[in-house]
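What follows is the residue order along each chain.
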Amino acid sequence: MSLEQQLSDLLKQSTSAPFLFLGSGFSKRYINLESWEGLLSKFCLNLKNYSYYKSKSNGCIEQSARHLADDFFEHWWNHKSYIQSREENPTLDFKDSPLRYEIAKYLKSKTEDVPLEELELYEELQLLRKCQIDGVITTNWDLLAEKIFPKYEVYKGQQDVFIFKYYEHR
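Throughout what follows, the structure given in this document is the object of discussion. All figures in this text were calculated on a predicted structure; none of them were measured in a lab. (Residues numbered from 1 in each chain as written. Predicted model: local features only at pLDDT ≥ 70, side-chain atom pairs only at ≥ 80, totals over all residues. Heavy atoms only, no water.)

### Observations regarding helix H7 (residues 97-111)
Phase 1 of the analysis: Compared with an ideal rise of 1.5 Å per residue, which puts 15 residues at 21 Å, H7 spans 21 Å between its outermost C-alpha atoms and is within 8% of the ideal.
Phase 2 of the analysis: For H7, the elements touching its buried residues are helix H2 (24-31), helix H3 (36-42), helix H5 (61-78), helix H6 (83-88) and helix H9 (144-148). (Helix = DSSP H or I, 4+ residues; strand = E, 2+ residues; numbered from the N terminus. Expected span 1.5 Å × (residues − 1). Contact = heavy atoms within 4.5 Å.)

Below you can see the structure in the form of structure tokens.
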């Protein structure tokens, strides 16, 4: 039995439609956003080169982000280019909050006003919108999934889906 047939049989047995899982490749493909490492590199400006953080972390991206967040914390609280951000967020509870905030702010600016109909792969997105799904799961911080699938709940990670399904069926 082919993989397509196996998948088709599984979907027929299911009581719900599948969820789309969209990783960073989705936003890179449609609106040319950076990868996770590309984003981290972007926020190394006025700090050390991203290669420093990556080598300090033995190639571990998550650990690289932690080291960058430590240096970025000091820079964010002291540099004049982040005055507005500090005014918007006078109390941040965690050391990695400034880096997370600035990355989220950047991604929002890159996706909030994207005219979908002007995208090179717009027709492909239109076909994707027609898929029968129950929702979208993403690890992305950008808003592209919400923009493309406005009538669906977009979950930020699998844990959100499990929590939703648990409370929905109680």
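### Remarks on the layout of surface pockets
Phase 1 of the analysis: In this model, the largest pocket occupies a volume close to 480 Å³.
Phase 2 of the analysis: Broken down by secondary-structure element, the contributors of at least two residues to the lining of the largest pocket are H2, H3, H5 and H7.
Phase 3 of the analysis: Its residues assigned to classes, the lining of the largest pocket shows 10 nonpolar, 6 polar and 6 charged. (1 Å grid on protein atoms, 1.4 Å probe; cavity = no way out; pocket = protein on both sides within 12 Å on 5 of 7 lines; lining within 4 Å. Points joined across faces, edges and corners; volume = space filled by probe spheres on them. Nonpolar A, V, L, I, M, F, W, Y, C, P; charged D, E, K, R; others polar.)

### Section: the pattern of salt bridges
Phase 1 of the analysis: Evaluation of the coordinates by the stated rule reveals 7 salt bridges.
Phase 2 of the analysis: One salt bridge in this structure joins Asp 70 and Lys 95, with 4.0 Å as the shortest N-O distance. Of the two residues, Asp 70 is situated in helix H5 and Lys 95 in the loop between H6 and H7; the sequence distance between them amounts to 25 residues.
Phase 3 of the analysis: By relative accessible area, Lys 95 is classed as partly exposed at 42%. (Salt bridge = Lys/Arg side-chain N within 4 Å of Asp/Glu carboxyl O. Buried < 20%, exposed > 50% of the residue type's maximum accessible area, 1.4 Å probe, protein only.)

### So, the packing of aromatic side chains
Each aromatic ring pair is summarised here by two numbers: the centre-to-centre distance and the angle between the ring planes.
Phase 1 of the analysis: Under the definition given, this model contains 8 aromatic pairs.
Phase 2 of the analysis: With centroids separated by 5.5 Å and ring planes inclined at 70 degrees, the aromatic side chains of Phe 72 and Tyr 82 adopt a geometry described as edge-to-face. In this pair, Phe 72 sits in helix H5 while Tyr 82 sits in the loop between H5 and H6, placing the two residues 10 residues apart along the sequence. Each member of the pair, Phe 72 as well as Tyr 82, is classed as buried.
Phase 3 of the analysis: Aromatic ring contacts, followed pair by pair, group Phe 43, Phe 72, Tyr 82 and Tyr 106 into a single cluster. (Phe/Tyr/Trp six-rings, centres within 6.5 Å; stacked < 30°, edge-to-face > 60°.)

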